[in-house]
Structure formats: C-alpha cells, structure tokens
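Structural description and commentary
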Amino acid sequence: MAIHHSRIVLLFFLYATFTIFCYASNVLEAKTKPTKLITKLIHRNSIHSPFHNPHHSIGDKAKFIFENSLARFTNYKTDLAAGTDMGLLFLVRFYIGNPAISQLAVMDTASNLLWVQCSPNWYISRRSPIPLLDPLKSSTYASMPCKSEFCSYFPSSSCINEQCTYNISYVNAPPSTGNAATEQLLFESDENIVVVPEVIFGCSKVNKEYIDGGINGVFGLGPKKLSMARQLANKFSYCIGDFYDPNYNYNRLILGDEARLEGDTTPLEMSELHYYLNLQEISIGENTLDIDKKVFIRNITDKSKLSGVIIDSGSVATWLVNEAYYRFRNEVKRILGDSIVDTKECRWCLCYEGTMAQNLTNFPGSTTLVKKLF
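A word on the nonpolar core. Within the largest apolar cluster, 32 residues are counted, with the highest numbers of intra-cluster contacts made by F94, L114, L185, F201 and F219. Broken down by secondary-structure element, the contributors of at least two residues to this core are β3 (36-43), β4 (90-96), β5 (100-108), β6 (114-117), β10 (176-188), β11 (193-204), α4 (228-232) and β14 (252-256). If one sorts the elements of this core by residue count, β11 sits on top with five residues. Discounting residues that sit within four places of it in the chain, F94 has contacts with I101, S102, Q103, A105, L114, V116, L185, L186, F187 and F219. One finds I282, V332, L336 and L350 within the second-largest nonpolar core, a separate group that totals 18 residues.

What follows is the structure, given as structure tokens:
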C-alpha cells in the first residue's frame, strides 16, 4: 500500500425555508429576564451551519482558519479606529419577535452589540433566502428614542426623526447601520424554551453579502454595557469540543447562574473592548521556553500602545510578539530537526513533510501546537 505524504504547516493555536417559531400563550407573559440560559453553538464547519461544505478538505478549512485569524490580528495590530472585525467560527441560533423568527448570528467576544438584519415583509417574501425580522409585524418590537440613556452606548449613535440610530464598521465585512431598538428573544435549550424580554439590539438595514452567506447578524459577548453577556447575565461560559467533526453537536453557550468553571482556571481582566488573559509562560513538553514575562503584560497606563494577551472567540490562531514567537519556533525546529522544510507560501511558518502517524509520534503531547494540513 502506498503511503501518501502530506505537507503540514505547524502553527501555534490557543486554542431557503423561512422558520416561524410557535409557542404557547403563557410564554408571552414573561416580564423579567431569566437567571440562566443554555443554548447550542454551531461551528461553521458543522452540518447545521450554512457554511458547511462536505467537499472542503482539511487544507481548505485550515486556510480559512489562518486567513480569518490573520484578518483579526491585523485589525488589532493596526488598532483601526474606523472599524472592528468579524469572526465566523461559532454561530448562535435564537428566535426574535412575536411571532418569533429564527435567527443565526455570529458569536463574538470582541463585539459588544447584538444586531440582526430587519426588513419589511415584501423583502422577506420576494428576495431573502433567510428569515428577517419585520418590525412592523412584531408585537414586541419597540424603537429606541434618542433621549434614552442607552442610545449613547450604541456605536456611532445619532438621532434621526427622534429615533436612535447606529453604525458599525468592519474590517473584513460589510457595515451594519440601522435603528436602536428592543425586542423579545427566545432560546431553545436542551430542556425548555427560555424567553428574554426587552433585549436591546440593533435593527440593521439589509446587506446582500450577509443574506447570501446565510447570516442574520452578530451576537456580541464583549465587556461593554450593551453586549449580550452584560444584558443577560453579567457572566457567561462556553464549552467547545471537536472542531473538525461536522456531526459534533455538543458545543454550548451558557449565560447566568449555570455559567461555571471546570478544570484548571486563570483570572481574566476586562477593558472596554476585550478580555485579557494573564499569560505567564509557554512550554513544549517539559521544556519551559526562555521568554521574558514582561512581553505578555498589559500596559494599562499607556493605552496608545498595544499590549497584553486577549481572548478572542473569532480567532483560532494565537499570535505572539516576535520575541516570544521565534523562541517557540526555534524549539519546534530543534525537536523536528531535519524534518523541517522551507515553504514559499509562508516564510515564517514551519512546515513538516512526512506521515503524521509515523513521524510525529514522539512530539511532546502537552504542547498547544496543533497540526493542520496545508
């Protein structure tokens, strides 16, 4: 039997039907927000995702991961004031309005607002391949007046005809512009249906690129006041399993009382935009790398300088400053020795050519290195 050799890039990782949801009349009487909420997360490669393509190879998936992570890193590195960036790794399914309409939004810990695309009924029936909220048809929709205390929390908020409006720009995706509003959300958990009344959100104008991609909006879990994490619970956790099994169905997002920590823990720090990790060191196997801990410390006195290590649900790849990265890279290169080959596609990457099951069996298992076919 012939053995096929694959080239492997070694990267350092941190890891058209409309749906109308019907529910019993007593659910409509919910007036207070729940103390806990558990809902499924859908990975972009899952069979339940609109992005699922059974013909995509591991290399195709790895290429997306790399390019998407690079786009987000570029945004953080340049600190663009004009916009943020949208990750597309995990999706949240929920229902909005009354009658309730199914929504699929991107979960993002680096975004601070829930927004969905809204459109009058004529657009829904004639043009859109995904269900859109029609504010005129929902009995629980309420626009936000400019005098509301929450209007100023919306990005680039302004006032048009006494209606609070907003504008979010993205580096690698179309903008979201629309009206600030409140609406009722419903979530399907493993056990029941959870109703959340009067959620503050952005009712965005329709954008064809999002429509064609099967995405309704963004489910922001950032640290700011209007994020879903702050509105629903003030605490959240999410548990993810096998990225690469399209049938895996146990990824979960937990908000409120059921949010819990399991296994080893480490404290996080919050800024207005991000969650920061207190990274101390990096080890490969039993070998702790000789990296000055100062390179990981967040500079809270000089906000003009980018510093610290952030957690980002929209990026799989971990990006390191040069001092840390090249020490990590050199250790991997030392372990693999002559097995390392050069590649024109990525000059700073390490590539290995061989049979993974045979030639990488002795590579330290406790490292956070993940191997992807390229």
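A word on the sheet that holds strand β19 (residues 309-311). Taken together, three strands build an open sheet; the order of strands is β15-β16-β19 and the sheet is antiparallel. Only two strands of the sheet have a single neighbouring strand rather than two, namely β15 (268-270) and β19. When the angles between neighbouring strand axes are averaged without regard to direction, this sheet yields 45 degrees. With three bridges joining them, β15 and strand β16 (residues 275-277) adopt antiparallel strand pairing. Residue pairing for β16: L268 is matched across the bridge by L277.

Turning our eyes to something else, we now look at the confidence of the model for the chain. Per-residue confidence for the chain gives a mean pLDDT of 77, with 77% of residues at or over 70. Here residues 1-30 scores under 50 on pLDDT; set against residues more than four positions off or in separate chains, the count is 100 contacts. Confidence drops under pLDDT 50 across residues 78-83; counting only partners more than four residues distant or on other chains, this segment forms seven contacts.

Here we take up the state of the cysteines. One pass over the structure, following the stated rule, counts three disulfides. Shown here is the disulfide that connects C146 with C159, its sulfur atoms set 1.9 Å apart. One disulfide, between C146 and C159, carries an S-S torsion of 95 degrees and so falls in the right-handed class. Here C159 lies in strand β8 (residues 158-160) and C146 lies in the loop between β7 (142-143) and β8, a separation of 13 residues in the sequence.

Once that is clear, we can look at the environment of L350. Inspection of the secondary structure puts L350 in strand β21 (residues 350-354). When its relative accessible area of 5% is taken as the criterion, L350 is described as buried. A C-alpha to C-alpha distance of 9.5 Å links L350 and N330, two positions 20 residues apart in sequence.

Applying the stated criterion across every chain yields a total of two salt bridges. The closest approach of N and O atoms between R298 and E269, which form a salt bridge, is 3.6 Å. In this pair, R298 is assigned in the loop between β18 (287-288) and β19 and E269 in strand β15, connecting sequence segments 29 residues apart. On the basis of relative accessible area, R298 is assigned to the partly exposed category, the value being 25%. The partner of E331 in a salt bridge is R334, with the nearest N and O atoms 2.7 Å apart. Remark: R334 and E331 occur in helix α5 (residues 322-336); sequence separation between them is three residues, near one turn of the helix. Of the residues examined, E331 reaches a relative accessible area of 9% and is grouped as buried. Note on R334: relative accessible area 56%, which makes it exposed.

Rules and cut-offs
Residues numbered from 1 in each chain as written. Predicted model: local features only at pLDDT ≥ 70, side-chain atom pairs only at ≥ 80, totals over all residues. Heavy atoms only, no water. Core = buried A, V, L, I, M, F, W, Y, C linked by side-chain atoms within 4.5 Å. Buried < 20%, exposed > 50% of the residue type's maximum accessible area, 1.4 Å probe, protein only. Helix = DSSP H or I, 4+ residues; strand = E, 2+ residues; numbered from the N terminus. Contact = heavy atoms within 4.5 Å. Pairing = 2+ DSSP bridges. Axes fitted to C-alpha atoms, helices over the stretch in contact; angles between N-to-C directions. pLDDT = per-residue confidence, 0-100. Disulfide = S-S within 2.5 Å. Salt bridge = Lys/Arg side-chain N within 4 Å of Asp/Glu carboxyl O.

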